[in-house]
Amino acid sequence: MANFVDDVPALGEKGAKLIDNFQQWVDENAHIAVRKQNQYFRQGMDNLKEQAPRLLSVTFVSIAGMLTYVVLIPIFTFLTLYYRKTIKDFLIGVFKNGGKKSVHEVLEESTSVAQQYITGLLIETVIVFTLNCIGFLIIGVKYAIFLALLAALLNLVPYVGILVANLLCMATTLLTTDNIGDVVWVGVVLGLVQIFDNNFGMPMIVGNKVKINALVTIIGVLIGGALCGIPGMFLAIPTIAVAKIVFDKVPELKPWGLILGDDSPEPKGAEEAEAKIRFFKKKQKVKREEKLVNQ
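Residues numbered from 1 in each chain as written. Predicted model: local features only at pLDDT ≥ 70, side-chain atom pairs only at ≥ 80, totals over all residues. Heavy atoms only, no water.

## Here's the deal with the packing of aromatic side chains
Put simply, the rule reads: Stacked, edge-to-face and tilted labels apply to pairs of Phe, Tyr and Trp rings (six-membered ring for Trp) whose centres lie within 6.5 Å, assigned for plane angles under 30 degrees, over 60, and everything in between, in that order. Counting from the N terminus, the helices are the DSSP runs of H or I reaching at least four residues and the strands are the DSSP runs of E reaching at least two. Burial classes follow relative accessibility: with a 1.4 Å probe on protein chains only, a residue under 20% of its type's maximum area counts as buried, one over 50% as exposed, and anything between as partly exposed.
With the rule as written, the count across this model stands at two aromatic pairs. Note on Phe 78 and Tyr 82: the rings are 5.9 Å apart at their centroids and 20 degrees apart in plane angle, and the pair reads as stacked. Taken together, the residues Phe 78 and Tyr 82, both in helix 4 (residues 52-82) and four residues apart, mark about one turn of the helix. In this structure, Phe 78 and Tyr 82 share a single accessibility class: exposed. Between Tyr 82 and Tyr 83 the ring centres are 4.9 Å apart and the planes differ by 90 degrees, which places this aromatic pair in the edge-to-face class. Accessibility expressed as a relative area gives 57% for Tyr 82, which makes it exposed. Under the relative-accessibility criterion, Tyr 83 is labelled partly exposed at 43%. The structure contains a cluster of three or more aromatic residues connected by ring pairs, namely Phe 78, Tyr 82 and Tyr 83.

Structural data, given as structure tokens:
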């Protein structure tokens, strides 16, 4: 990261050169003069300056919100742990109809799912970082380890993170190499790692204890991001998983647990084959019993 920061001025010069080349290409192919392009750019900057106070206000609010998270999250965590017995007794008292045993089961399963998800994410991040790093080092791109780590961390944000990681890594590679093929290969490496992660890494490491379908996952991530920003995106999936556990334990809420889950029904052929196997086993058992009776 330090090397990357030190090279920012050189990257800026390379970026300016790429912009000049792009303007020349537009001039030759779209017949829009460079002077006209600069005029459009200045107009856009003037419009941006007019909106600068509002942008500064939004930025200040965002920074204040981040600082609030940093200060309040440790306090909330400490108080939640300190009063955990009181909270547990409260939940047991509220759900009297479900019984103490059912509430204990929900709490234990929720704790297990949360721990499994967080631990799995840490292991998955290490694996994704290692694969990205190996791929980038083979290609020979600059800042291979830094870009691999950046992509692995952004991969924690479902669906959206990997798209941002691709754009950032490919843009950085474009500024640090004269070979366009390296830029393409960076995208290929990230795509292959993402395919491996989605089909093998996440299911095997995080586990399938609670299955959540893709539609609900995307909607949950979007709602979490709208409500709480980046932290909401991180917490969306474990929150939905815990909600599914609660829904599955409450008879009136089981339809909601069904819509959240990803328990796809077995194909009709598989059901028929399983029925035939059961019938065959039962027939064999009857024959054995008849044989014993005859003996």
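## A look at the nonpolar core
For the record, the criterion: Definition used in this section: a nonpolar core is a set of buried Ala, Val, Leu, Ile, Met, Phe, Trp, Tyr and Cys residues joined via side-chain atoms within 4.5 Å. Contact definition: two residues touch when any of their heavy atoms are within 4.5 Å.
Judged by nonpolar contacts, the single largest core of 17 residues is most densely connected at Phe 136, Val 141, Leu 147, Ala 151, Cys 169, Val 186 and Leu 190. Top contributing element to this core by residue count: helix 7 (residues 144-154), with five residues. The residues contacting Leu 190, other than those within four sequence positions of it, are Asn 132, Phe 136, Ala 151, Ala 165, Asn 166 and Cys 169. By size, the runner-up hydrophobic cluster in this structure holds 12 residues, among which are Val 106, Tyr 117, Val 216 and Ala 241.

## Here we look at empty space enclosed by the protein
Rule in force here: Definitions used for this entry: grid spacing 1 Å over protein atoms alone; cavity, a set of points where a 1.4 Å probe fits but cannot get out; pocket, an open set with protein on both sides within 12 Å along at least 5 of 7 lines; lining residue, one with an atom within 4 Å of a point. Grid points are joined across faces, edges and corners, and a volume is the space filled by probe spheres set on the points. Each residue receives one of three labels: charged for Asp, Glu, Lys and Arg, nonpolar for Ala, Val, Leu, Ile, Met, Phe, Trp, Tyr, Cys and Pro, and polar for the others, Gly being one of them.
With the rule as written, the count across this model stands at one cavity of 30 Å³ or more. Lining the largest cavity are Val 128, Asn 132, Ala 151, Asn 155, Ile 162, Leu 190, Val 193 and Gln 194. Elements that contribute at least two residues to the lining of the largest cavity include exactly helix 6 (99-139) and helix 9 (180-206). The leading source of residues in the lining of the largest cavity is helix 9, at three residues. Broken down by class, the residue content of the lining of the largest cavity amounts to five nonpolar, three polar and no charged.

## What about the pattern of salt bridges?
Any two side chains of opposite charge can pair, given that their charged atoms come close. Rules: Here a salt bridge means any side-chain nitrogen of Lys or Arg lying within 4 Å of a carboxyl oxygen belonging to Asp or Glu.
This model, assessed by the stated rule, comprises two salt bridges. In this structure, the salt-bridge partner of Lys 85 is Asp 89, at a minimum N-O distance of 3.2 Å. Here the residue Lys 85 and the residue Asp 89 both occupy positions in helix 5 (residues 84-94), the gap between them amounting to four residues, near one helical turn. Taking relative accessible area as the criterion, Lys 85 reaches 59% and is therefore assigned exposed. Taking the shortest distance from any N to any O, the salt bridge between Lys 244 and Asp 248 comes out at 2.8 Å. Pair noted here: Lys 244 and Asp 248 are both in helix 10 (residues 214-249), with a separation of four residues, about one helical turn. Its relative accessible area of 33% is what places Asp 248 among the partly exposed residues.

## Focus: a nonpolar patch on the surface
Rule in force here: Each patch is assembled from residues with relative accessible area greater than 30% and no salt bridge, linking like charges that lie within 9 Å and nonpolar side chains (Val, Leu, Ile, Met, Phe, Trp, Tyr) that lie within 5 Å. With residues, only the protein chains shown are counted as cover, and all accessible areas are computed by Shrake-Rupley using a 1.4 Å probe.
A cluster of nonpolar side chains, namely Val 70, Val 71, Leu 72, Ile 75, Phe 76, Phe 78, Leu 79, Tyr 82, Tyr 83 and Ile 87, defines an oily patch on the protein surface of about 990 Å² accessible area. By residue number, the principal contributor to the nonpolar patch is helix 4, which donates eight residues. Relative to the elements of secondary structure, Leu 72 occurs in helix 4. Residue Leu 72 is classed as partly exposed on the basis of its relative accessible area, which comes to 32%.

## Some remarks on helix 8 (residues 160-176)
Going by this rule: One less than the residue count of a helix, multiplied by 1.5 Å, gives the span that helix is expected to have. Here, the arc refers to the directions that run from the helix axis to the C-beta atoms.
Given a rise of 1.5 Å per residue, 17 residues ought to cover 24 Å, and the 25 Å separating the end C-alpha atoms of helix 8 matches this to within 8%. Among the residues of helix 8, those classed as buried are Gly 161, Ile 162, Ala 165, Asn 166, Cys 169, Thr 172 and Thr 173. Looking straight down helix 8, one finds its buried side chains confined to an arc of 150 degrees; they lie on one side. Facing away from the buried surface of helix 8 by more than 90 degrees, the exposed residues are Leu 163 and Leu 167.

## Re unusual backbone geometry
Positioned with a positive phi, Tyr 143 is a non-glycine residue whose angle comes to about 60 degrees. Locating Tyr 143 in the fold gives a position in the loop between helix 6 and helix 7. A relative accessible area of 11% places Tyr 143 in the buried class.

## Side note on the side chain of Thr 125
Basically, it comes down to this: A 3.5 Å cut-off defines polar contacts: any pair of N or O atoms within that distance qualifies, except that in protein one atom must be a possible hydrogen donor and the other a possible acceptor, and neighbouring residues in sequence count only when both atoms are side-chain atoms.
Following the sequence through the fold, Thr 125 ends up in helix 6. With a relative accessible area of 14%, Thr 125 lands in the buried category. Of note is the side chain of Thr 125, whose polar atom sits 2.7 Å from the backbone oxygen of Leu 121. Once you skip the residues sitting within four places of it in the chain, Thr 125 turns out to touch Ala 152, Leu 153 and Leu 156.

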